[in-house]
Every structure is written in C-alpha cells, then in structure tokens.
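# Architecture and fold: a report
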Amino acid sequence: MYKKILLLIFIFSFLNLNFAQSISSTAHNLSVSGTGTIKASTESEICVFCHTPHKSTPRKPLWNKYDTGFNYTLYNSSTIHASPGQPDGSSILCLSCHDGTIALGLLWSRQSVINFTGNVITLTNESTNLETDLSDDHIISLIYSSHLSDLNDELKNPNSLVNNVRLENSKLQCTSCHDPHLNLTEKFLVETREYSQLCINCHDKNGWNSSTHSSAIKSWNGIGTDPWPNSALNTVAQNGCENCHTPHNAEGKERLMKFQNEEINCLSCHNGNVADSDILSQMNKPYKHDVFNYTQIHDPIEPSEIIQAHVECADCHNPHKLNSSTANAPFANGFISGVKGIDTEGISKLQIDYEYELCYRCHADSPNKPGSITIRQIEQNNTRLEFDINNPSFHPIEGTGKNSSVPSLVSPLTETSLIYCTNCHSSDDSNSPKGPHGSSNPQILKYNYSKIYGTAESYLSYELCYQCHNRDEIINGVGRFQNRVHRRHIVIANIPCNFCHDPHGIDASQGNLVNNSNLINFDLSEAEPHNGILEFVDNGNFTGSCYLTCHGRVHAPKTY
C-alpha cells in the first residue's frame, strides 16, 4: 500500500509539472508551432533545435548545435573573489544560440540550415543576445565552493543551497538560474526574482533583510522615465536587487549595475517619481556634492580616506544597509548605516558609529580635501583637527564644547548639547531630504550665513547662527550682556560673524585658550595687524581685548 501511495505521488507530481507547462508553450519552441516571434518557417520538430537522437555532437545531452569556438571576454571586477574560466558545461551550450555567432537553424544533424520567419538568422535582441563579451553578464562556469564563500562572507555556503538553484559539477552555470525547458516564472528562471528571491539563494548581503530598499513599497508615479521598463514588478521591494543591478548586458559592467554612471542607478528612483526623497532636485542647486562630476572613480574597496577626489552616492550611503532608524548626535542614523569612515584619531573604520566619521573621509586627512573660503589667521582645513575636543574652542561635533556659559543658546540646546555636521550643512529646503546633497547657500549650508563685510544685520543675514543662538540675546542682551561686543560689531559696524569667528574650531597645535577661545580666528581679508600685533586676548568672565586694524579702525587694544 505504501509503495502504491508513493507511486501515485510521483505520477501526480510528474503530471503537474508537465501538463502545467511544456517546452512547446515557451519561447524555446522554435518550430513552426512556436508562439514566440522567433520561429522556423516550416520545421515542425521542437527538440531538434537543441537535441538529436542520432548523429549528435560529442557533447551531451545528445547536443545538436555546433561549438561556438570563441574565447569569451569574461566578467571581472575589483570585488570578485572567484577565478572564472572560459564557459563550459551547459553554459557553452546555451551560448551556441545566445552569443549570436551561430545561426539558429544551423544544426549538426541537418545538411541545410533551417529557415526562420522574417529572415531571422541569429538572436539580435539585447535581452537574449549576450554576444561574446560576457564582462557585462553574471559570472558563469566558476567553481562555487565553500572556499569561495569563506573568502566572501556575503556569499552563502554552497552546501546551504536548498531551493531551486543548483550547481553543475560544483560549478555555477546558466542552468543554475535558468531551466531551458520550463518557464514557470519568467525568462526561464528557476525561481522568481520578485523580492530578490532568486538572488538571495547565493547572495547574503549584510544588512539587506532590514534595509529600507528590501521593504519599500513605493511605486513609479507614471511621470518621467519608468525605472523598471521591462518588469512586471511594480514596487522597490518587489524589484529588489534589480532596482540597481541587471544580470545580463549591464551598462555598468563591474558589479552589473544597470547604468555606467553610478549616480543614475540611484537617481532613477530618487528623482521624486518613486522615492519620497527627491535627490535629483538637490543636484540642480548651485552648491552640492556634485555626483555628476565623477564617473568610474569610486570603488567599493577604496580606502576609507578618499585619496582621489570624488563623490558618489555610495560614498555616503550603503544601499544594502541603509534604513530609517533615527539617532541623536553624534551617532549615525540609519541612512548612513554601514559606510566607511575616519575616526577622531585619523584611523580608518569599515563602518562608522558617528556621523562626523563619514564627513572625515573627505574633509579630514584626504590630500584633495576642499579648502576654506575664508583666509584665516590660523589656516586649518582638516575638520578632524578643527573639531578635536582638546582644542581651545570648537563647535560641539565630537564632544561637549569648552564654554560652560553660553546664555544665547536656543532651547532645548544647552552647554552640554552635541550637534551634527548636518545641522549646518544640509538642504536649504525644509521639505527636501536631509543631508548635504545640495543647497542654494554656499558650502551647502542649510541656512543663509553672510560673510560679506558691510552686511546689514537681520535674521536672514545670519539665519544659520540664529538657529542655535537667540538673536535678541546676541544683539540686545539682557542685564550685564546689554550693548556688548556683538551689537557693536554686527549691528552698528555691519561686521559679519565670520570676521571674528571660525565656525568649526581652532586646532590645538596652532591656537591656545587665551587667543582663540570662543572660536576667535580673524578673517585676514579684513583684519590687519596694528604695529605688528594681530590678536584677541581672553580676559575671562565675558571680557577680552583685541589688537588689530579693521578698515581703518585701530584697536590697540580695544577692550570689551
């Protein structure tokens, strides 16, 4: 009885598999009865285009096609761990049609070439003709071993492959992903690519399961270019890996990116037509991290410290790990999760803990970091050194500031508060995505910050400063602070904040607590020495003296 039950199960399984679909109803039926656009003019046999029971080639299984005879250009990238060889096994059989070099109707068992409707000779469609350059296609004919997965911790151990993806003699071949006889999903795939199901058979990207891209239900709004023109999958989550990658004929060959220009892979969705964050509009602003300026410079294995100047989306965002988790300064939020950085000691980190560590990649020890707009008495363009908590003064990016009494702070800020770099450097549009993508203000500032001598004081002139420092307290003061130094300078003399204050901080190796407290570092385009002396002296208890000449006004010294 038990054997009969097993037999029935086998029969019904066989019937279900074969009657649900046979090769005759797929695009691989190239006979005259084929339902596809590519089919023979008169040939009625279906299997003959690949197999023949007699007079087959030496290749199995009873192969009826000629060997291509080509050496193929193989996939390669800086992140590859395998050593691919020329296609073999079932892959070389597939290529006898799919590299476009052999006529579809040229068969080993036939004396004449079988004609096709429309005078079709070979596959010419980009999605089906891979050509002999396989450097833009998913790697094939490589030994997928546990040694390979040991080298790459984002590849699953081949012994754990439990779904429909199968190896052929320990090798990954075309038939690992495609079943040439059945098209139960699409493109003869052995498993659906929806929600990355096919890809995650082998690929185990760190952080992907909890990332925003793996779960986002956003769809295209119908405006502009469809980011998924050949897909029946309608959301970001459904498209999964194929939002950015394509397994065949990839424009960006390394890592099989859909587009060669790296940023387009991101901006095809982050343009306001799919994702909520419209980054493309920020790239149209006059001041920005201009990702369009660079192509094929960024590399995933490049050092944390940027040596060759460039900026791409992937320098600041890890698309496989980013998420919507929030954090308080100085900790990194989820949108910059899993990216490289430089710590306070200048040491490389594979994954940042603090937001400033990301900024330090380019703005700290990098040899090509951008310089300061202001010519300072003390020049220091290394932001890591500017924000060092051992400095005489600094804005509290890495740690609590030196000044224990700052009456002008806007609640809820206190003298122990920490801030982000992006509190100052970010989009100037409150409805735009956060972060220093682009701004109408110089230095990608979130708010206006006038640096021009002679600027009339107003809230808008120093809007950036007034986000944290109460304007009324600064220019009017209360009690003992009334009519003090700020009002005299920025209101009466129209001298900008930037003239006296260096907004990042003063390097301890260049400045000291007496002369460079309160971020004092004079703008040399306006300040000149008097009798060879140019300095501020902190006398404590909100008092100090200046020695300088400013637009003909002599301070020798001027005490406040």
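Residues numbered from 1 in each chain as written. Predicted model: local features only at pLDDT ≥ 70, side-chain atom pairs only at ≥ 80, totals over all residues. Heavy atoms only, no water.

## Structural notes on the packing of aromatic side chains
- Considering all chains together, one arrives at nine aromatic pairs under this definition.
- Ring geometry for tyrosine 462 versus tyrosine 466: centroids 6.5 Å apart, planes at 90°, classification edge-to-face. Neither tyrosine 462 nor tyrosine 466 differs from the other in exposure class; each is buried.
- An aromatic cluster is built from Phe331, Tyr354, Tyr356 and Tyr360, whose rings are joined through pairwise contacts. (Phe/Tyr/Trp six-rings, centres within 6.5 Å; stacked < 30°, edge-to-face > 60°. Buried < 20%, exposed > 50% of the residue type's maximum accessible area, 1.4 Å probe, protein only.)

## Some words on the nonpolar core
- In terms of nonpolar packing, the biggest core is built from 16 residues, with Leu142, Tyr144 and Leu148 touching the most fellow members.
- In contact with leucine 148, other than residues within four places in its own chain, are His81, Ala82, Leu142, Ile143 and Leu155.
- Among the nonpolar cores identified, the runner-up in size contains 13 residues, and Phe522, Ala527, Leu534 and Leu548 belong to it. (Core = buried A, V, L, I, M, F, W, Y, C linked by side-chain atoms within 4.5 Å. Contact = heavy atoms within 4.5 Å.)

## A short note on the side chain of aspartate 136
- Tracing the backbone shows aspartate 136 in the loop between helix 2 (89–98) and strand 1 (142–143).
- Buried aspartate 136, no salt bridge; nearest opposite-charge side chain is lysine 253, N-O distance 5.4 Å.
- Contact partners of aspartate 136, with chain neighbours within four places excluded, come to Pro247, His248, Asn249, Ala250, Lys253 and Leu256. (Helix = DSSP H or I, 4+ residues; strand = E, 2+ residues; numbered from the N terminus. Lys, Arg positive; Asp, Glu negative; His and termini not counted. Salt bridge = Lys/Arg side-chain N within 4 Å of Asp/Glu carboxyl O.)

## Overview of the pairing of strand 10 (residues 535–540)
- Judged from the five bridges that link them, strand 10 and strand 11 (residues 543–550) form a sheet pairing that is antiparallel. Bridging from a neighbouring strand, phenylalanine 536 pairs with cysteine 546 of strand 11.
- The hairpin formed by strand 10 and strand 11 contains two residues between the paired strands, and asparagine 541 there has a positive phi angle of roughly 55°. (Pairing = 2+ DSSP bridges.)

## Some points on the environment of arginine 484
- Within the secondary structure, arginine 484 sits in the loop between helix 12 (471–475) and helix 13 (485–492).
- Since its relative accessible area comes to 24%, arginine 484 is described here as partly exposed.
- Put simply, arginine 484 and phenylalanine 542 are 58 residues apart on the chain and 9.4 Å apart in space, counted from C-alpha to C-alpha.
- Not counting chain neighbours up to four residues away, the residues in contact with arginine 484 comprise Phe542, Thr543 and Tyr560.

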